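Structural characterization, general
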Amino acid sequence: LAALIGIIAGRADRDFSAFSSEQRRYAQFTCELWDTFRTRLQGSPCYAEYAELLDYDHQQILNTFAYSLMVNKRLALLNVQEHDMYQPHNMQMMSFATMDLMCSPDFDRSELGRLREVIWHAQSMGRIGNLVSTWQREIADRDFTSGVFARALREGDLSLEDLASAPPARIEAAVRRGAHE
């Protein structure tokens, strides 16, 4: 993940020789896809005007990935506040809206702040929909970055020890019992 984040952030040296052949193919595909994406986007009529904003939006997505990686390595980091602050960016709606603006020369620039506020709320609602529909599967994957688990921890219905070692059925039952979903 760190190597893939580096590709998108523009700080990867693109030397993937230390990875397995499957990982190298995946990383190479990511490079090709990212390069094609950027090249095509540069042809948009308002690309230059919004390029810095899009880079910012992408950085927020990368922060989400980094946060998720850290939480999965150190479950004690999981908390509701950071979840609600970082994880909505995982929906990527803000970056897609910025790309739409790159193709919208008639957009009233004075409405940019309002538009981004609306998109933030839509992105947050999208995240809620994602939480409700994926948390059960994430238990089996031992991916506890969901706000469902953060809320269960905060309320004391789950402990860090539960997340680290309890059987999936016990974790699911605790989430349901506390109505965290």
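Residues numbered from 1 in each chain as written. Predicted model: local features only at pLDDT ≥ 70, side-chain atom pairs only at ≥ 80, totals over all residues. Heavy atoms only, no water.

Quick notes on the layout of surface pockets
When its volume is computed, the largest pocket comes out at roughly 460 Å³. Looking at the largest pocket, it is lined by 19 residues, and the ones nearest its centre are Ile 8, Trp 34, Ile 61, Phe 65 and Gln 92. For the lining of the largest pocket, the elements supplying multiple residues, two or more each, are helix 1 (2-9), helix 2 (21-41), helix 3 (47-73) and helix 5 (93-102). With six residues, helix 2 is the largest single contributor of residues to the lining of the largest pocket. Along the lines of polarity and charge, the residues of the lining of the largest pocket split into 14 nonpolar, five polar and no charged. In this structure, the second largest pocket occupies an estimated 190 Å³ of space. Elements represented by at least two residues in the lining of the second largest pocket include exactly helix 4 (80-86), helix 6 (112-141) and helix 7 (147-155). Top element by residues in the lining of the second largest pocket is helix 6. It accounts for five residues. In the lining of the second largest pocket, the residues fall into five nonpolar, four polar and four charged. (1 Å grid on protein atoms, 1.4 Å probe; cavity = no way out; pocket = protein on both sides within 12 Å on 5 of 7 lines; lining within 4 Å. Points joined across faces, edges and corners; volume = space filled by probe spheres on them. Helix = DSSP H or I, 4+ residues; strand = E, 2+ residues; numbered from the N terminus. Nonpolar A, V, L, I, M, F, W, Y, C, P; charged D, E, K, R; others polar.)

Some words on the side chain of His 83
Structurally, His 83 can be placed in helix 4. Of the polar contacts made by the side chain of His 83, one reaches the backbone nitrogen of Gly 147; its length is 2.9 Å. Excluding residues within four positions of it along the chain, His 83 makes contact with Tyr 67, Pro 88, Arg 127, Leu 131, Thr 145, Ser 146, Gly 147 and Arg 151. (Polar contact = N/O pair within 3.5 Å; in protein donor to acceptor, adjacent residues only side chain to side chain. Contact = heavy atoms within 4.5 Å.)

Looking at the packing of helix 6 against helix 9 (residues 168-177)
Helices that pack against each other are described as a pair by the angle of their axes relative to one another and the distance between those axes. In the contact formed by helix 6 and helix 9, the axes pass within 9 Å of each other and the chain directions differ by 150 degrees. By the angle class used here, helix 6 and helix 9 are roughly antiparallel. Crossing handedness for the pair helix 6 and helix 9: right-handed. Of the residues in helix 9, those in contact with Trp 135, Gln 136 and Ile 139 of helix 6 are Pro 168, Ile 171, Glu 172, Val 175 and Arg 176. Residue composition of the contact of helix 6 with helix 9, grouped by class: five nonpolar, one polar and two charged. (Axes fitted to C-alpha atoms, helices over the stretch in contact; angles between N-to-C directions. Parallel < 35°, antiparallel > 145°, perpendicular 65-115°, else oblique. Left-handed = near helix turned anticlockwise from the far one by under 90°.)

Remarks on empty space enclosed by the protein
Taken as a whole and judged by the stated rule, the model has one cavity of 30 Å³ or more. Considering only enclosed or pocket space, the largest cavity measures out at about 30 Å³ in volume. Around the largest cavity, the lining residues are Asp 57, Gln 60, Ile 61, His 89, Gln 92, Met 94, Ser 95 and Gln 123. Every element with two or more residues in the lining of the largest cavity is listed here: helix 3 and helix 5. With three residues, helix 3 is the single largest residue contributor to the lining of the largest cavity. Of the residues in the lining of the largest cavity, the class split is two nonpolar, five polar and one charged.

Concerning the packing of helix 2 against helix 3
At a closest axis distance of 11 Å, the pairing of helix 2 and helix 3 adopts a crossing angle of 150 degrees. The orientation of helix 2 with respect to helix 3, classified from their angle, is roughly antiparallel. Of helix 3, the residues touching helix 2 (which contributes Trp 34, Phe 37, Arg 38 and Leu 41) are Tyr 47, Leu 54, Asp 55 and His 58. Along the lines of polarity and charge, the residues of the contact of helix 2 with helix 3 split into five nonpolar, one polar and two charged.

Looking at helix 6
Of all the bends in helix 6, the largest measures some 55 degrees and sits at Thr 134. Within the span of helix 6, buried status applies to Arg 116, Ile 119, Gln 123, Ser 124, Arg 127, Leu 131, Thr 134, Trp 135, Glu 138 and Ile 139. Those residues of helix 6 hidden inside the fold are in contact with helix 3, helix 4, helix 5, helix 7 and helix 9. Once helix 6 ends, the next one or two residues include Arg 142, with phi positive near 60 degrees. (Bend = angle between axes of the 7 residues up to and from the residue. Buried < 20%, exposed > 50% of the residue type's maximum accessible area, 1.4 Å probe, protein only.)

None of the figures reported here should be taken as evidence of function without further support.
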